[in-house]
Amino acid sequence: MAIIFLDSVTSTNTYCGRNIDNLKHFDIVRARRQNEGRGRKLRKWSSEEGGLYFSLVLKDGLDKIKSLGLLTQLMALAVCKSARAHGVEAYIKWPNDVLAKGLKFCGILSEAIFDGEKLKAVIIGTGVNLSQDKINSEKPSITLKSLGVDKSAEELLKEIVANFTADFALLKDSGFEPLRERYKKSFLYLGKAVTMRVFDEELHGIAEDIDEAGRLVLNEGGKRRLIEIGDMDF
Ligand code: BTN
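Keep in mind that what you see is a predicted model, and the values were worked out from it rather than measured.

Enquirer: Talk me through the overall build of the chain; I want residue IDs and the actual numbers.
Expert: Each helix and strand in the chain was counted, giving four helices and twelve strands. A compact globule built from 234 residues should have a C-alpha radius of gyration of about 17 Å, and the chain, at 17 Å, falls within 12% of that. A total of 234 residues make up the chain; the buried ones form 52% of that total. Put simply, 61% of the contacts in the chain that link residues at least 6 apart link residues at least 24 apart. Across the chain, the centroid of the 36 positively charged side chains sits 2 Å from that of the 34 negatively charged ones.

See below:
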């Protein structure tokens, strides 16, 4: 595992994509700032100095992972655990945002790289609002520093990656089930009314469960729907 540190880059995900053949399993690219930080759904990710911006490259064992979404969920769990270790009441907004006090402090953008039809690598891009002075985001956001976390980006990265590495081995060998209870404990919306966006559809219901495959089980007035890809509204 190597950590490549860049002072400034367009996006660590883009950098990894362009250099994928030279990067190894578990290599990390971190940048002090990004000029074109990318979020999901073609959103921009505000990447001023002071935040933690990194992309983790995965190449081995991917055939054993049932869906790319699970890797994103794993990273959300790793970030959540790390924030909680520093006293933050962090929780996951399924599938991949990490919040505290109703405000977002972490977002994850996972991207798959194919060689023809063969999955060659997965890039897990993670942005954590740590101590930057301003965050240009359409989502209500917060920094970990304002929640009392006094850690450098480098220290936090090490903790998050250690959490992720341990859970990746579990996911690869035994699937999501051994992680499910822990994920559910970090998912505070269980039993609550939520609004979901699934492609162009808006769904309303109760977030009833996270199933053994990491899917959100939405109860829409008695009708259960298993959601694998989608977003919860803020
Ligand atoms: C989201 O919440 O929409 C996902 C945000 C992901 C941001 C990270 S920062 C590091 C990596 N490089 C990027 O350009 N994006 C991800």
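Enquirer: Outline the sheet that holds strand β10 (residues 216–220), listing residues and values.
Expert: Strands in a sheet are paired, the pairing made by backbone hydrogen bonds, and the direction either parallel or antiparallel. Overall, antiparallel pairing links the five strands, which are arranged β11-β10-β9-β8-β12 in an open sheet. What marks the edges here is a single partner per strand, and that holds for β11 (223–227) and β12 (231–232). Of the pairings in the sheet, the one linking strand β9 (residues 201–210) to β10 comprises four bridges and is antiparallel in character. By the bridge assignment, I210 is partnered in β10 with L216.

Enquirer: Provide a residue-level description of the environment of E111, including the pertinent values.
Expert: Mapped onto the elements, E111 comes out in strand β6 (residues 103–115). Separated by 63 residues in sequence, E111 and E48 place their C-alpha atoms 22 Å apart. The contact partners of E111, leaving out residues within four places of it in the chain, are N13, R38, A121, V122 and I123. Of the polar contacts made by the side chain of E111, one reaches the side chain of N13; its length is 2.9 Å. A polar contact is formed between the side chain of E111 and the side chain of R38, at a distance of 2.7 Å.

Enquirer: Hey, could you go over the sheet that holds strand β1 (residues 3–9) for me, with residue numbers and the actual values?
Expert: Within the open sheet, the seven strands sit side by side as β1-β2-β3-β7-β6-β5-β4. Their pairing is mixed. Edge positions in the sheet fall to β1 and β4 (91–93), since each of these pairs with one other strand and no more. Mean inter-strand twist for the sheet, computed between neighbouring axes without regard to direction, equals 25°. Pairing of strand β3 (residues 52–58) with strand β7 (residues 118–128) involves seven bridges; the strand directions are antiparallel.

Enquirer: Which residues make up the pattern of salt bridges, and what are the values?
Expert: Inspection of the entire model under this criterion finds 25 salt bridges. The residue K93 makes a salt bridge to D97 at a minimum N-O spacing of 3.4 Å. Each member of the pair, K93 as well as D97, carries the same accessibility label: buried. With a closest N to O distance of 2.9 Å, R197 and D233 form a salt bridge.

Enquirer: Please provide a residue-by-residue account of helix α4 (residues 177–185), values included.
Expert: Quick reminder: α-helices carry 3.6 residues per turn. Residues three or four places apart thus point the same way. Listed as buried for α4 are L179, R180, Y183 and K184. The arc that holds the buried residues of α4, viewed along the axis, is 135°, so those residues lie on one side. On its buried face, α4 sits against α2 (68–85), β4, α3 (153–174) and β9.

Enquirer: Could you give an account of the side chain of T126, with specific residues and numbers?
Expert: Tracing the sequence through the fold places T126 in strand β7. Of the residues examined, T126 reaches a relative accessible area of 3% and is grouped as buried. Setting aside anything within four residues of it in sequence, one finds T126 in contact with L52, Y53, F54, M75, V79, C106, G107 and I108.

Enquirer: Got a sec to walk through unusual backbone geometry? Specific residues and values, please.
Expert: The omega angle of the peptide bond from W94 to P95 is 0°, so this bond is cis rather than trans. Along the chain, the position of P95 falls in the loop between β4 and β5 (97–100). Here the phi dihedral of F26 falls at roughly 75°; this positive angle occurs in a residue that is not glycine. With respect to the helices, strands and loops of the structure, F26 is situated in the loop between α1 (12–18) and β2 (28–34). Residue class for F26 comes out buried when judged on its relative accessible area of 12%.

Conventions and cut-offs
Residues numbered from 1 in each chain as written. Predicted model: local features only at pLDDT ≥ 70, side-chain atom pairs only at ≥ 80, totals over all residues. Heavy atoms only, no water. Helix = DSSP H or I, 4+ residues; strand = E, 2+ residues; numbered from the N terminus. Rg over C-alpha atoms; globule rule 2.2 N^0.38 Å. Buried < 20%, exposed > 50% of the residue type's maximum accessible area, 1.4 Å probe, protein only. Contact = heavy atoms within 4.5 Å. Lys, Arg positive; Asp, Glu negative; His and termini not counted. Charge placed at Lys NZ, Arg CZ, Asp CG, Glu CD. Pairing = 2+ DSSP bridges. Polar contact = N/O pair within 3.5 Å; in protein donor to acceptor, adjacent residues only side chain to side chain. Axes fitted to C-alpha atoms, helices over the stretch in contact; angles between N-to-C directions. Salt bridge = Lys/Arg side-chain N within 4 Å of Asp/Glu carboxyl O. Arc of directions from axis to C-beta.

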